[in-house]
Amino acid sequence: MAGGAREDLAEKMAGEVALSDEPGATLRKWRTDFDVAQTELADELDVSPSVVSDYESGRRDNPGIGVVRRLVVALLDIDEGRGGDHIRQHARVLSAGFDSDVVHDLREYSANVGVERVYDAIDAEELFRGSQDTVAGHTVINSIAAITRLSSDEFYQLYGQSTNRALVFTNVTRGESPLVALRVVSPTPNAVILHGLDDDAVWEHAQDLARIDDFSLAITDIDLEDLLDGLRELP
């Protein structure tokens, strides 16, 4: 695995922990994001699981930079031992210039994938079919984080880079905000998937906007981690 990607991610992780008002909670966020159990991390560090638990809960004093470095290196080593999927995922997001709290995942596929296959991977229900039947990648966006944390230029850059892709919006209640935002972007994505709501909760004008801007629209309410896992299994 390229050393630069790992080093960039390590620096980001360590920086977040060091600057956090709740370093233990930030450590826990990264551990769970990497799908690493406390016991597995403790084994890698050659300490008891209670040590990891104490740091994450704040029962121990704020960890110094040496401890943070050991924890970060251990998480990255575990992920590399499993094949490095999480490191690659974060590297893609960082290289695109966005924070992983805004962009959960960003991938290019090795070949165009039919939208039906994408739907099947994440148990999505299609509400409208646009004229394009395939996508070449996906971007999973936390809609609230994107709206509240990105500048207008960054917002346009993120959406505008997403043609011939599936845009998956998480943290939505009706889908109104991301769909309205897409109206100022050209070209539009081939498919938009709203995560976390069912058919009854979808904004009443959602299908009209999909029809006007010619993109496929679907919804899914599976768990976020299951959604990410399903998308990562696509070629």
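Rules used in this analysis
Residues numbered from 1 in each chain as written. Predicted model: local features only at pLDDT ≥ 70, side-chain atom pairs only at ≥ 80, totals over all residues. Heavy atoms only, no water. Patch = residues over 30% accessible without salt bridge, like charges linked within 9 Å, V, L, I, M, F, W, Y side chains within 5 Å. Areas by Shrake-Rupley, 256 points an atom, 1.4 Å probe, with all protein chains shown as cover. Salt bridge = Lys/Arg side-chain N within 4 Å of Asp/Glu carboxyl O. Lys, Arg positive; Asp, Glu negative; His and termini not counted. Charge placed at Lys NZ, Arg CZ, Asp CG, Glu CD. Helix = DSSP H or I, 4+ residues; strand = E, 2+ residues; numbered from the N terminus. Buried < 20%, exposed > 50% of the residue type's maximum accessible area, 1.4 Å probe, protein only. Pairing = 2+ DSSP bridges. Right-handed = clockwise from strand over helix to strand, strands pointing away. Phe/Tyr/Trp six-rings, centres within 6.5 Å; stacked < 30°, edge-to-face > 60°. Polar contact = N/O pair within 3.5 Å; in protein donor to acceptor, adjacent residues only side chain to side chain. Contact = heavy atoms within 4.5 Å. Arc of directions from axis to C-beta.

**Observations regarding a negative patch on the surface**
Argument step 1. A surface patch of like charges, here negative, comprises D120, D123, E125, D198, D199, D200 and D221.
Argument step 2. Along the polypeptide, D123 turns up in the loop between helix 7 (115-122) and strand 2 (125-128).

**Some points on the pairing of strand 5 (residues 191-195)**
Side chains on a regular strand alternate between the two faces of the sheet.
Argument step 1. Counted residue by residue, strand 5 has 5 buried out of 5 residues, so it is predominantly covered.
Argument step 2. In this sheet, strand 6 (residues 216-220) lies alongside strand 5 in parallel orientation, the contact comprising 5 bridges. Looking across to strand 6, one finds that L194 is bridged to I219.
Argument step 3. Once you follow strand 5 into helix 11 (residues 206-213) and on to strand 6, the crossover reads as right-handed.

**Observations concerning the pairing of strand 4 (residues 166-170)**
Argument step 1. Most of strand 4 sits out of view: 5 of its 5 residues are buried.
Argument step 2. Along strand 4, one buried face is formed by A166, V168 and T170 and the opposite face, lined by L167 and F169, is buried too.
Argument step 3. Sheet topology places strand 3 (residues 134-142) next to strand 4; 5 bridges connect them, and they run parallel. Paired with N142 across the strands is T170, a residue of strand 4.
Argument step 4. Sheet analysis places strand 4 next to strand 5, joined by 4 bridges and oriented parallel.

**Structural notes on the packing of aromatic side chains**
Argument step 1. The full count for this structure, using the stated rule, is 1 aromatic pair.
Argument step 2. Summarising the aromatic geometry, the rings of W30 and F34 are spaced 6.2 Å apart at their centres and angled 55 degrees between planes, so their arrangement reads as tilted. Each member of the pair, W30 together with F34, is buried.

**Focus on the side chain of E56**
Argument step 1. With respect to the helices and strands, E56 occurs in helix 4 (residues 49-57).
Argument step 2. In terms of polar contacts, E56 uses its side chain to reach the side chain of R31, at 2.6 Å.
Argument step 3. Each residue touching E56, except ones within four places of it in the same chain, is listed here: G24, A25, L27, R28, R31 and Q38.

**Some remarks on helix 3 (residues 38-45)**
Argument step 1. Buried residues of helix 3: L41, A42 and L45, and no others. End-on, the buried residues of helix 3 take up no more than an arc of 100 degrees, which puts them together on one face.
Argument step 2. Positioned one or two residues after helix 3, D46 has a phi angle of 60 degrees, which is positive.

**Things to note about unusual backbone geometry**
Trans is the common state for peptide bonds, and a negative phi is the common state for residues other than glycine.
Argument step 1. One non-glycine residue, D123, lies in positive phi territory at about 55 degrees.
Argument step 2. By relative accessible area, D123 is classed as exposed at 56%.
Argument step 3. Positive phi, close to 60 degrees, is recorded for D214, a residue that is not glycine.
Argument step 4. Considering the arrangement of structural elements, one finds D214 in the loop between helix 11 and strand 6.

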